[in-house]
Amino acid sequence: FMSMLSCRSHQCWHWRSHLPETRIFKIIVIGDSNVGKTCLTFRFCGGTFPGKTEATIGVDFREKTVEIEGERIKVQVWDTAGQERFRKSMVEHYYRNVHAVVFVYDVTKMSSFTNLKTWIEECNGHAVPPLVPRVLVGNKCDLKDLIQVPSSLALKFADAHNMLLFETSAKDPQESQNVDAIFMCLVCRLKAQRSLPCRDAEGWPPQPQPQPRRPDEASGKGSCPC
Ligand SMILES: Nc1nc2c(ncn2[C@@H]2O[C@H](COP(=O)(O)OP(=O)(O)OP(=O)(O)O)[C@@H](O)[C@H]2O)c(=O)[nH]1
Ligand SMILES: [Mg+2]
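The structure presented is a predicted model; accordingly, all values stated were derived computationally and were not measured.

A.B. asks: Hey, could you go over the coordination of the magnesium ion (ligand 2) for me, with residue numbers and the actual values?
C.D. replies: Within the protein, T38 (OG1) and T56 (OG1) serve as the donor atoms for the magnesium ion (ligand 2), at 2.0 Å. Of the two residues, T38 is situated in helix α2 (residues 37–46) and T56 in the loop between α2 and β2 (59–68); the sequence distance between them amounts to 18 residues. Look at T56 and you get buried, because its relative accessible area is 9%.

As structure tokens, this is what we get:
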């Protein structure tokens with residue numbers, strides 16, 4: 001009973017076995033089709049830019065284990081479908097027990113930015129608690145001559161919605177640290193929320209698809225980037 005009490009207050013990961021377990025943070029990536037959600041999650045979890053992508057159907061799971069201040073944390077990234085017809089049966093699953101939300105727009109497409117309000121409404125409509133951190137990501141910054149969404153406008157929007165703004169490129173290898181920073185920043189914030197409820201990421205499907213392990217998988221090692 002005492003251990004249950006201490007579990008409730010501090011150490012969720014001791015709940016079942018009394019041995020340290022890796023905590024799992026479920027982070028969903030949301031936004032219009034074609035903004036680069038699949039490429040961003042690929043860059044973070046696999047370290048590369050995929051040569052060719054197809055529109056995501058339902059959801060693709062990617063995963064990366066990072067180590068922050070001596071704790072191993074499994075980041076379970078839900079790469080969601082932007083197209084309505086490929087997502088409508090899945091939306092409930094996206095938001096259930098989510099720990100953090102990444103909203104993505106394409107800096108070269110104004111409509112993907114103006115549509116953010118719809119994505120935020122959908123998120124709010126699923127009773128995502130206010131403590132769940134949200135960040136805004138403007139992707140495709142490598143296409144400098146085609147930019148339609150000025151940083152100043154995006155920053156204003158981010159401020160108004162109490163979100164941090166990251167402007168990144170999933171394509172440009174030199175930007176990969178910025179892509180990592182999106183997720184690492186969220187993990188740091190979640191880690192700092194000691195009152196994070198005792199729960200796993202949703203058990204559906206039972207196990208996310210394991211990603212091939214890469215030698216540089218531990219690149220998330222180190223101190224907090226925030
Ligand atoms: N130039 C450039 N192209 C990108 C970048 N990120 C993605 N793309 C391209 O944008 C297109 C769409 O990328 P995806 O990652 O499949 O888009 P998505 O948001 O997952 O789309 P849905 O799965 O339909 O919701 C692809 O042709 C990518 O190669 C980027 O940072 N720069
Ligand atoms: Mg996709």
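A.B. asks: Please set out the sheet that holds strand β4 (residues 100–106) residue by residue, giving values where relevant.
C.D. replies: Taken together, six strands build an open sheet; the order of strands is β2-β3-β1-β4-β5-β6 and the sheet is mixed. Edge positions in the sheet fall to β2 and β6 (164–167), since each of these pairs with one other strand and no more. In this sheet, neighbouring strand axes are inclined to one another by 25° on average, regardless of whether the strands run parallel or antiparallel. Bridge count for β4 against strand β5 (residues 134–139) is six bridges, and the pairing is parallel. Of the residues in β5, the one forming a bridge with V101 is R134. Along the sheet, helix α6 (residues 116–125) makes contact with β1 (23–30), β4 and β5, crossing β4 at roughly 165°.

A.B. asks: Tell me what's going on with the environment of V98, and back it up with residues and numbers.
C.D. replies: Tracing the backbone through its elements, the reader meets V98 in the loop between α4 (91–95) and β4. On the basis of relative accessibility, which here comes to 3%, the residue V98 falls in the buried class. Taking the C-alpha atoms as reference, V98 lies 7.6 Å from V132; in sequence the two are 34 residues apart.

A.B. asks: I'd like a rundown of the packing of aromatic side chains, residues and numbers included.
C.D. replies: Throughout the structure, instances matching the rule amount to four aromatic pairs. Connected via pairs of aromatic rings, a cluster forms that spans Y105, F113 and F157. Over the ring of W78 we find K26, and its NZ or CZ is 3.8 Å from the ring centre. When the ring centre of F44 is taken as origin, the NZ or CZ atom of K64, which lies over that ring, is 4.7 Å away.

Cut-offs used in this document
Residues numbered from 1 in each chain as written. Chains lettered and ligands numbered in written order. Predicted model: local features only at pLDDT ≥ 70, side-chain atom pairs only at ≥ 80, totals over all residues. Heavy atoms only, no water. Donors = N, O, S within 2.8 Å, 3.2 Å for Na, K, Ca; no water. Helix = DSSP H or I, 4+ residues; strand = E, 2+ residues; numbered from the N terminus. Buried < 20%, exposed > 50% of the residue type's maximum accessible area, 1.4 Å probe, protein only. Pairing = 2+ DSSP bridges. Axes fitted to C-alpha atoms, helices over the stretch in contact; angles between N-to-C directions. Contact = heavy atoms within 4.5 Å. Phe/Tyr/Trp six-rings, centres within 6.5 Å; stacked < 30°, edge-to-face > 60°. Lys NZ or Arg CZ within 6 Å of the ring centre and 35° of its normal.

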